[in-house]
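Inside the fold
What follows is each chain in one-letter form.
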Protein chains: 2
Amino acid sequence: MTKRAYNFYAGPATLPLPILEKARDELLDFAGTGMSVMEISHRSKQYDKVHQESMSLVKELMGLKDDRKVLWLQGGASSQFYMVPLNLQLPGKKAQFVNTGAWSKKAIKEAKFYGDVEVVASSDEENFSYIPQGVEFDDDLAFAHITGNNTIFGTEWHYSPKVPDDVPLVGDLSSNLMDKVEDFNKYGVIYAGAQKNLGPAGVTLVVVREDLLDRVPENTPTMQKWSTQAAKDSLFNTGPVFPIYMCNLSLNYLKENGGIKAVEAKNNEKAKIIYDLIDGSGGFFKGHARKDSRSLMNVTFNLPTPELEAKCVGEGLERNLVGLKGHRSVGGMRASIYNAMSIEGVKALAEFLKEFQGNNQ
Amino acid sequence: MTKRAYNFYAGPATLPLPILEKARDELLDFAGTGMSVMEISHRSKQYDKVHQESMSLVKELMGLKDDRKVLWLQGGASSQFYMVPLNLQLPGKKAQFVNTGAWSKKAIKEAKFYGDVEVVASSDEENFSYIPQGVEFDDDLAFAHITGNNTIFGTEWHYSPKVPDDVPLVGDLSSNLMDKVEDFNKYGVIYAGAQKNLGPAGVTLVVVREDLLDRVPENTPTMQKWSTQAAKDSLFNTGPVFPIYMCNLSLNYLKENGGIKAVEAKNNEKAKIIYDLIDGSGGFFKGHARKDSRSLMNVTFNLPTPELEAKCVGEGLERNLVGLKGHRSVGGMRASIYNAMSIEGVKALAEFLKEFQGNNQ
């Protein structure tokens, strides 16, 4: 077998090795059924246990109140970009967004199909290198929306914007779900594609406050309404069984390893290693994100020239450090260090970068 | 390891053992990457090969013309119930449906959100025990729709309805995709949830004739349009990587084993074993479907009493024959014998049923 790579892809991304091993070991025989988890009915008691547990683990790990409904949907965060405004619209009321990058822009674009949209703050003019500080949303909105972390630009919210009590705050937490302790109950709606910090691609987590499920117009197709799956514990139709099963393993793994508090400490340690290296490089490595907005999950940085950046990505690959090429919007390099990335992996990256600087400065 | 079950579930359903073994063997190290296929980027060259091949295999195996676009979507056939009428609507033109059961009804319900709908034929009055024969659709429709196979009732289309040249025929082939040779180019649109005859749950195959991609109204959210994924080879956003990978393995397996022609012969043999047993039981087993409409994929039948039916399902389970309970709409028993079900499995079922009759008559 090939040596396991250190996988810095932005998503789909690295998963904890023990859960992959478990999935492999029981791939042909799930829970003593003599069938793969991919083959059993989504209405079977064996799968139902996984399904229900995966939802209760989300509630437990995130400390969610009883009035929060956990949904497993399909279509990615990209589908929530329209489902959020469709399901939260209120006649005559507008929505407000903070524009912190490419994914915020897409969310804004889709929201315009369902009502008036305002951008209350944006870092567009500085290539999204920071999270606007001191954001306050207006009263009397259909909803307020933030993108919790911006994979492309490597920025993350580290404070809570001010939101009036009557306005539901919506968070796209696709790339920083459960990366640090926060009050998840401050959100009316949370959505997240699983393939960054939670599991494999193919399932989208949505957490919605129950009273918000009634807003959707009656003449809305069944599958576009959150309330359809909310009423059936996400078993209205056949869901993405295997991706949900993998999320279940991942959530159990997080719980067994101390939950969000423990992984936050690990994430802080990992991020410090890389950011310290950047800051101590005398300008050879230059972080894209402003220090107050640095992401714990995606570290974006540039080298003195595009040629050196390409060389660094290539040599990293030879050292089994995979997926370090930056997104074209920022260029340079990007190390995605999600919950599942080990401290060992980050140390290997730091060591390599230091060596690369020594050889190429 | 538990003995491998004979899995007669209606879906998710049995998969070919060799593809499960392959998935297991490379679950931690896909294509020599040192990563799971669940962990690599959907933009990586290793995954892209799987992705593109899975689409070309669909075209090759189904003999699709060049102007057919293969899409891998999410949300199940249930999402296509609204996406079909949304994407095919034409101002002032109606759609016509044949109502052959629960899934047809759901498709009809969602189509009403987008225009006038007519049912041209129905078997509702006989609990959907047959496919209406000699169906002809009108001229000048937005589209015509059939459900190729009805899992709940065990009926399947064995002829082509008459459709005017200018009307696109839409087929929901979720539960009989590639079960027999047919002219798939007769359809303007085919859709199918993968979890019955193609792969695991979590991905939906859509095949659409390219000229039909232009009909969708401009003010439609991005993810609701087929054209969004059609323009990007289903890589507009992160798709369900692992389910598509499994479909790739399944399609390769079908090709290596002689394609649709060979599996049709196998399916005919399997179906004959069970239907012959039913017909030769002197009325102890009573098939739900009329003979001209019998499904190759789902065999639905009743026993003299509900008590005997429950006993038979229970004793089957003890013999490792899983998933034989019928849907509540028909009651009784249902044996789903999709492409991946072996002749050996069907023989084991027939043997058991014969024995059960002997012991309980």
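Keep in mind that what you see is a predicted model, and the values were worked out from it rather than measured.

**Description of the relation of the copies chain A and chain B**
Laying chain A over chain B is done by rotating through 180 degrees and shifting 0.0 Å along the axis; what remains is an RMSD of 0.0 Å. Taken together, the rotation and translation relating the two chain copies correspond to the operation of a two-fold axis. When the interface residues of chain A are mapped onto chain B, 100% of them are again interface residues, pointing to one common binding face.

**Focus: the interface of chain A and chain B**
Between chain A and chain B, the residue contacts involve 63 residues of the former and 63 residues of the latter. Together chain A and chain B conceal approximately 4,900 Å² of surface at their shared face, both sides included; 62% is due to carbon and sulfur atoms. At the junction of chain A with chain B, the criterion picks out two salt bridges. Among the ionic pairs, E39 of chain A bridges to R4 of chain B, the shortest N-O distance being 2.7 Å. Counting across the chain A and chain B interface gives 18 residue pairs in polar contact (both at pLDDT 80 or more). Of the residues assigned to the side of chain A that touches chain B, the class counts are 28 nonpolar, 25 polar and ten charged.

**Notes on the pattern of salt bridges**
As enumerated under the stated definition, the model contains 34 salt bridges over all chains in all. The partner of K186 of chain A in a salt bridge is E182 of chain A, and the shortest N-O contact between them spans 3.2 Å.

**Observations concerning the nonpolar core**
With 120 residues, the main nonpolar core has W72 and M246 of chain A together with W72 and M246 of chain B as its most contacted residues. With near-sequence residues (within four places) excluded, M246 of chain A lies in contact with L15, I19, L20, A23 and P200 of chain A together with M38 of chain B. V206 and V208 of chain A together with F81 and F143 of chain B belong to the second-largest nonpolar core, a separate cluster that totals 55 residues.

**Some words on the packing of aromatic side chains**
Summed over all chains, the structure comprises 23 aromatic pairs over all chains. When the ring of F81 of chain A is compared with that of Y191 of chain A, the centres are 6.1 Å apart and the planes differ by 75 degrees; the resulting orientation is edge-to-face. Here Y191 of chain A lies in strand β9 (residues 187-193) and F81 of chain A lies in helix α3 (residues 76-88), a separation of 110 residues in the sequence. Both residues of the pair, F81 of chain A and Y191 of chain A, belong to the buried class. With a centroid separation of 4.4 Å and 20 degrees between ring planes, the pair formed by F242 of chain A and F242 of chain B is classed as stacked. Note that F242 of chain A is positioned in helix α6 (residues 241-256) and F242 of chain B in helix α6 (residues 241-256), a pairing that runs across two chains. Clustering of aromatic rings is evident, with ring pairs tying together F30, F242 and Y245 of chain A together with F30, F242 and Y245 of chain B.

**Digging into empty space enclosed by the protein**
The tally for this structure, following the rule as stated, stands at three cavities of 30 Å³ or more. The calculated volume of the largest cavity comes to roughly 420 Å³. Residue lining of the largest cavity: 35 residues in total, with Q74 and G75 of chain A together with Q74, G75 and S79 of chain B positioned closest to the centre. Residue assignment for the lining of the largest cavity shows that the elements contributing at least two residues are β2 (68-73), α3 and α5 (226-230) of chain A together with β2 (68-73), α3 (76-88) and α5 (226-230) of chain B. Estimated volume of the second largest cavity: approximately 70 Å³. Taken together, P85, Q89, K93, K94, A95, A111, Y114, G115, D116, V117, A142 and F143 of chain B form the lining of the second largest cavity. A per-class count over the lining of the second largest cavity returns seven nonpolar, two polar and three charged.

**Thoughts on the sheet that holds strand β12 (residues 298-302) of chain A**
Residues and elements named next belong to chain A. Read across the sheet, three strands follow the order β11-β12-β14 without closing on themselves; strand pairing throughout is antiparallel. Looking at the sheet topology across the chains shown, the edges are occupied by β11 (286-287) and β14 (333-336). The pairing of β12 with β14 spans four bridges and is classified as antiparallel. Paired with N298 across the two strands is S336, which belongs to β14. Set on the sheet, helix α7 (residues 259-279) makes contact with β11 and β12; between it and β12 the angle comes to about 15 degrees.

**Thoughts on the sheet that holds strand β14 (residues 333-336) of chain B**
Residue and element names in this part refer to chain B. With respect to topology, three strands assemble into an open sheet ordered β11-β12-β14, the strand pairing being antiparallel. The strands lining the two open edges of the sheet, one partner per strand, are β11 (286-287) and β14. Set on the sheet, helix α7 (residues 259-279) makes contact with β11 and β12 (298-302); between it and β12 the angle comes to about 15 degrees.

**Section: the layout of surface pockets**
Estimated volume of the second largest pocket: approximately 1,300 Å³. Lining the second largest pocket are 45 residues; nearest its centre among them are G11 and R334 of chain A together with S41, H42 and R43 of chain B. Only α3, α4 (102-111), α8 (306-318) and β13 (321-322) of chain A together with α2 (45-62) of chain B provide two or more residues apiece to the lining of the second largest pocket. The residue makeup of the lining of the second largest pocket, split by class, is 14 nonpolar, 22 polar and nine charged.

**Here we look at α3 of chain B**
For α3 of chain B, spanning 13 residues, the distance from its first C-alpha to its last is 18 Å, which sits close to the expected 18 Å at 1.5 Å a residue. Of all 13 residues that make up α3 of chain B, 13 are buried, and the element is covered over most of its length.

**Describing the domain arrangement of chain A**
Residues and elements named next belong to chain A. Looking at chain A, the domain boundaries give domain 1 (17-256) and domain 2 (259-360). For domain 1 versus domain 2, the separation of C-alpha centres amounts to 27 Å. The interface is formed by 28 residues belonging to domain 1 together with 24 residues belonging to domain 2. Buried surface at the junction of domain 1 and domain 2, summed over both partners, amounts to about 2,100 Å²; 54% is from carbon and sulfur atoms. Summed over the shared surface of domain 1 and domain 2, the number is zero salt bridges. Across the contact surface, domain 1 and domain 2 share 17 residue pairs in polar contact (both at pLDDT 80 or more). Mapped onto the side of domain 1 that touches domain 2, the elements with two or more residues apiece are α2 (45-62), β7 (155-156) and α6. Residues belonging to the side of domain 1 that touches domain 2 are distributed by class as follows: twelve nonpolar, eleven polar and five charged.

**A short note on the confidence of the model for chain A**
For chain A, the mean per-residue pLDDT works out to 97, and 100% of the residues sit at or above 70. As a predicted assembly, this complex carries a pTM of 0.98 together with an ipTM value of 0.98.

**With respect to the environment of R328 of chain B**
Residue and element names in this part refer to chain B. Within the secondary structure, R328 sits in the loop between β13 (321-322) and β14. Given the relative accessible area of 75%, R328 is considered exposed. Along the chain, R328 and G202 lie 126 residues apart, while their C-alpha atoms are 25 Å from each other.

**Some remarks on the state of the cysteines**
Such a bond, covalent and formed between the sulfur atoms of two cysteines, is termed a disulfide. All chains considered together, the criterion is met by zero disulfides over all chains. Summary of cysteine pairing: C247 of chain B is not part of a disulfide, and the nearest cysteine sulfur, belonging to C247 of chain A, is at 19 Å. A residue is classified by how much of its surface remains accessible, and C247 of chain B, at 0% relative accessible area, is buried.

**What to know about the side chain of E39 of chain B**
Relative to the helices and strands, E39 of chain B is located in the loop between α1 (17-25) and α2. Here the side chain of E39 of chain B touches L15 of chain A through a polar contact of 2.7 Å, landing on its backbone nitrogen. Those residues within four positions of E39 of chain B in sequence are excluded, and the remaining contacts are R4, N7, Y9, P12, A13, T14, L15 and L20 of chain A.

Conventions adopted
- Residues numbered from 1 in each chain as written.
- Chains lettered and ligands numbered in written order.
- Predicted model: local features only at pLDDT ≥ 70, side-chain atom pairs only at ≥ 80, totals over all residues.
- Heavy atoms only, no water.
- Least-squares fit on C-alpha atoms with pLDDT ≥ 70 in both.
- Contact = heavy atoms within 4.5 Å.
- Buried area = accessible area lost by both parts, 1.4 Å probe.
- Salt bridge = Lys/Arg side-chain N within 4 Å of Asp/Glu carboxyl O.
- Polar contact = N/O pair within 3.5 Å; in protein donor to acceptor, adjacent residues only side chain to side chain.
- Nonpolar A, V, L, I, M, F, W, Y, C, P; charged D, E, K, R; others polar.
- Core = buried A, V, L, I, M, F, W, Y, C linked by side-chain atoms within 4.5 Å.
- Buried < 20%, exposed > 50% of the residue type's maximum accessible area, 1.4 Å probe, protein only.
- Phe/Tyr/Trp six-rings, centres within 6.5 Å; stacked < 30°, edge-to-face > 60°.
- Helix = DSSP H or I, 4+ residues; strand = E, 2+ residues; numbered from the N terminus.
- 1 Å grid on protein atoms, 1.4 Å probe; cavity = no way out; pocket = protein on both sides within 12 Å on 5 of 7 lines; lining within 4 Å.
- Points joined across faces, edges and corners; volume = space filled by probe spheres on them.
- Pairing = 2+ DSSP bridges.
- Axes fitted to C-alpha atoms, helices over the stretch in contact; angles between N-to-C directions.
- Expected span 1.5 Å × (residues − 1).
- Domains from an automatic or database assignment.
- pLDDT = per-residue confidence, 0-100.
- Disulfide = S-S within 2.5 Å.

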